[in-house]
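The chain contents come next:
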Amino acid sequence: MNFSMFLQHFTNALGLGSMYGLIAIGYTMVYGILRLINFAHGDIFMLGAYFVFFATIQYKIPWALGLVIAVLGATACGLLVDRIAYRPLRDAPRISALISAIGVSFFIENASIVAFTGVPRNVIQPKLLMEPFALGTVRLIPLSLMVPVISFVLAAGLLWVIYRTKQGLAMRSISHDIETTRLMGVSVDKTIALTFAIGSALAAVAGIMWALRYPKVEPLMGMMPGFKAFIAAVFGGVGSVAGAMLGGLSLGFIEIMSVAFFPKLSGYRDAFAFVLLIVILLVKPTGLLGEKLEDKI
Amino acid sequence: MSAERGAKKVRNRFLTVLAIISFAVFLQQAPNLLDGYKIRIMNMIAINAILGLSLNLIYGMAGMFSLGHAGFMAVGAYVSALLILTPAQKTAMWILDPIAPWLLGVHAPFLISILAAGLAAAFFGWLISMPVLRLGGDYLGIATLGFSEILRILITNLTPITNGPLGLKGIPAHTNLRVSYGILLVTLFCTVRLMKSNFGNVIKAVRDDETAARTMGINTFQTRVLAFTIGCFGAGVGGALMGNIITTIDPRMFTINQTYNTLMIVVIGGLGSITGSVVGSVLVTVMLEWLRFVENPIMIGSTQLFLSGKPGMRMVIFSLLLIGVIIFRREGVMGMKEFSWDRLFSFFSRQRGDAA
Amino acid sequence: MRKVILGVLICMFACGAAFAADDVIRIGFFNSLTGQNAFGGQLELEGVQLAMKEIPEIIGKKVELVIVDNKSDKVESANAVTRLIENDKVSAIIGSYGSSLTMAGSEVAEVGRVPLLTTSSTNPLVTQDKKFTFRACFIDPQQGAGAATYAIRTLGYKKAALLVDVANDYSVGLAAFFRNSFVKLGGEIVSDMRYNSGDQDFTAQLTEIISKEPDVVLLPAYFAEGAIILKQARELGAKFRFMGGDAMDNPEMVTLAGEAIEGFIYTGFAYAPDMPDMNPVAAKFTELWKKEYPGKETNANAALGYDCYMMYVDAITRAGSADPEKIRDALEATKDLPTVTGVTTLDADHNPQKDIGILEIKDGKKTFVGTVVPEM
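Quantities reported herein were computed from a predicted structural model and do not represent experimental measurements.

We now examine the overall build of chain B. If you tally the helices and strands in chain B, you get 16 helices and two strands. Against the 2.2 N^0.38 benchmark of 21 Å for 356 residues, chain B shows a C-alpha radius of gyration of 22 Å, consistent with a compact globule. Overall, the C-alpha framework of chain B stretches about 75 × 70 × 40 Å when taken along its three principal axes. A fraction of 81% describes how many contacts in chain B between residues 6 or more apart in sequence connect residues 24 or more apart.

Structure, rendered in structure tokens:
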């Protein structure tokens, strides 16, 4: 492999990795505060992409407005999911909430198949973002540069909310002890709803970015990215926003570089990622940047 | 008092034997009473119950969150199928890469292949449990999930051994009611014995409070490894039975969705309850099949019922039922409880008391 | 409350049960209406329904179509076909998009002794050693050889690369058959890259392929993935030509891939809505389709669904009976039956010898180039 090819792979990895990171920060936020593996995250992600499709292609709403509508729509869905499927299980064992999450995921996927059919849809890709250009020998599209920037801005904003605002304080407090937080006069349900709202909005943004990069919107599109982002979040250390970004980037780099260096083994691409995941967990059982969390049961 | 208890014990044992015998008679007669579709569903119930029990042992009883069941099932299904298939079948099937020569002549009868399937899955379970069981909680879930995916990717890519994505076909349909329920009975018996033994108590102690268990001198790590390995054995057997009823397998059958399916059965039935896994298996398997009718147009008079006849509706309703069960009965149908004749009798006498 | 719920459940169960009557012929249709392959199953269903609308009665009996979804899942496939045979008592079955799903169903059909005719499962293993399984489409060895022949003989390409979905039996099979023929005809395979179903990022594999500078890349993908791959290749500045197989044929293909699909060539069934010298059956199908689904493009999968139904019409008429075994025997003797995708004659392995069409995307439109005779 020559240097220019390596640079191309490097750019590709950055593009993919930051995309994983973007999905993972929403995942890790909900997980960090509620210890709930929100399997429906990938499905909210999918809904975000669908809303953009409907807004811009079906109803011809201008792009920027469509984006806002999609994020708001997905946020509303996230809140609804929390209210119906998670809130009644707040004091239940974690596995109950997990199964409920799997149920929600099944529901959203299949309701989408009923409502939107399984035919993949396209999204409008603004030329500005998609027209490839060459930087030396490396070719890339503007979107690939945008995604890391958006991810970092969102991650920074999220950190600000969690560490610099009252609501953030309440969230962190809930992540340690729900009952005590309630006694302190914090409205637990409202705070958790806010957590879900932010998480869903992040999922929707990620879904829209994903749909722009890989323009194929279908009901099961959230499954694989959700799965990968979940792994990225664990990889980086669940609950840690910076860890999620790092985990996403690492996953992107492992996937791309394993193909780049071992083209004959490209069929094993995902296996590389999983082997590394297991090894990292063995060396550092709480992920790259994770803190030791006491299990809440 | 003790005489009464003794009499009860005799009675219960008698009832158990009677129940088993009458069920055996029913199974014997089933082919005459039921059509092939219902028999297939009954077989699937038994297989799902075996899978549920094995996951329940790992998760419900030993408290290890494992998402790797599908991978161990895959190992079992492939080992069993590769042992059963004849050399002629194998030569005809490997149309892309030739089959590994050493594999061609390997052959074993059905029951041996099931045993081998369990052992192979147990071996892989043991292999991964050594490093990853040091992890706790969700991290263990992820690590096992990762391992299960690695197994699946290996099966997909190792064409000379597994025929890759083309999968295996023409596996004789050895799984019939006698086999599946026979193995289920053995599984049930072993699980009950295991949980009643000292080892069962140790497992629960490790689940409930690992530190306390360790202070009492229990080698908690070894206990968990053993429980995990036994659970994987069950997964392998279940996978093998599954392959022998579908009669064709490929790597895509064993994705995370398969694990979710089993997890659902365990949790709906009641985490930690042996009876629960069986009940959960009946509920989930029957529901999924029975709900099919909503995907055919339902006519009320001459108008079609709204949303009926739409593909996907079945899973929509199923998922709503799933969420409903979890919300309204979060501990599952059985909770941590087990079925016992005493409980059944006291239930009925209470009912009668209410009526009077 | 409990009684009410119980009552509702019993009512639902009563609705679920099927009632068989003697004066109808039940044809079962199991396909992927949800799950990963949903886009394909839906198209085939539309084709079958179109044909059924045209001929609603065979030998004086009304045809009833029983539709079962297999969720693109193997276990579900086997259950679905069992249900069709045992519960719905169908006389014949039309099969699934996705070879592995059809295989799971056909194992059941063999035991239940009901004929199963698959629409588009091109994997050779599907009908191998099967008594009751048939297909309406060509098989991958022919298709792969056809693609290789066209690439070498007509287009004059020498160096090819493969980009294969390693988890997909169709993809792996077609690539292997293409490779065999391409090498046999004097070509060279310069790169063999793999990905997994569900992947959406192919930049690594594409960058590697670009560095090997092939003339042509075989992309035996399903259309949705294929479209994404074509787009990414264009972004990375790929100069080579892409070729694909029949699974790339879908009305949405051009919409999804946009400009990147220009010049894309694929092998498929010898049917396209605007092909010259269309055979009479195809012309009729196109006309019916335009009436039934205005604004929707016709496609090969729908055509195959239509053909399957018509093959059964032919077989049942010749058998003069709705008995599954008799339909099987008649179906096996299918000879010179004009169908949308060519004249159908089933050979000893229950496979039809059908023309392999070459299609190209020109100016954003699917164009029928001609047929190719594979040099095996």
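For the rest of this paragraph, the subject is the packing of helix α10 (residues 223-236) of chain A against helix α11 (residues 241-261) of chain A. Residues and elements named next belong to chain A. Relative orientation of the contacting elements α10 and α11 amounts to 120 degrees, with a least axis distance of 7 Å. Along this stretch, α10 crosses α11, giving a crossing that reads as right-handed. On α11, the residues that touch Lys 228, Ala 229, Ile 231, Ala 232, Ala 233, Phe 235 and Gly 236 of α10 are Gly 243, Ala 244, Leu 246, Gly 247, Gly 248, Ser 250 and Leu 251. Classifying every residue of the contact of α10 with α11 gives eight nonpolar, five polar and one charged.

Another aspect to go through is the interface of chain B and chain A. Facing 34 residues of chain B, the contacting portion of chain A comprises 33 residues. Per element, the largest residue contribution to the side of chain B that touches chain A is twelve residues, and it comes from helix α7 (residues 137-157) of chain B. For the side of chain B that touches chain A, a count of residues per class yields 23 nonpolar, six polar and five charged.

Turning our eyes to something else, we now look at the nonpolar core. Among the nonpolar cores identified, the biggest contains 337 residues, and Ile25(A) and Ala49(A) are the most heavily contacted of them. Looking at this core, the element that brings in the most residues is helix α2 (residues 36-61) of chain B, giving 15 residues. Both domains that furnish three or more residues to this core are identified here as domain 1 (2-138 + 281-354) and domain 2 (140-273 + 357-372) of chain C. In contact with Ala49(A), not counting residues within four places along its chain, are Gly207(A), Ile208(A), Trp210(A), Ala211(A), Val217(A) and Met221(A).

Before going further, it helps to examine the sheet that holds strand β6 (residues 133-135) of chain C. Residues and elements named next belong to chain C. In spatial order, the strands read β2-β3-β1-β4-β5-β6; together these six strands make up an open sheet with mixed pairing. Pairing within the sheet leaves two strands with one partner each, and these edge strands are β2 (57-58) and β6. Bridging between strand β1 (residues 24-31) and strand β3 (residues 61-69) involves eight bridges; their strand directions are parallel. Directly across from Ile 27, in β3, lies its bridge partner Leu 65. Contacting β1, β3 and β4 (92-94), helix α2 (residues 38-54) crosses the sheet at an angle of about 165 degrees to β1. Where helix α3 (residues 74-87) meets the sheet, its contacts fall on β1, β3 and β4, and the angle it forms with β1 comes to roughly 175 degrees.

Rules behind the numbers
- Residues numbered from 1 in each chain as written.
- Chains lettered and ligands numbered in written order.
- Predicted model: local features only at pLDDT ≥ 70, side-chain atom pairs only at ≥ 80, totals over all residues.
- Helix = DSSP H or I, 4+ residues; strand = E, 2+ residues; numbered from the N terminus.
- Rg over C-alpha atoms; globule rule 2.2 N^0.38 Å.
- Contact = placed C-beta atoms within 7 Å.
- Axes fitted to C-alpha atoms, helices over the stretch in contact; angles between N-to-C directions.
- Left-handed = near helix turned anticlockwise from the far one by under 90°.
- Nonpolar A, V, L, I, M, F, W, Y, C, P; charged D, E, K, R; others polar.
- Core = buried A, V, L, I, M, F, W, Y, C linked by C-beta atoms within 7 Å.
- Buried ≥ 20, exposed ≤ 12 C-beta atoms within 10 Å, placed from the backbone.
- Domains from an automatic or database assignment.
- Pairing = 2+ DSSP bridges.

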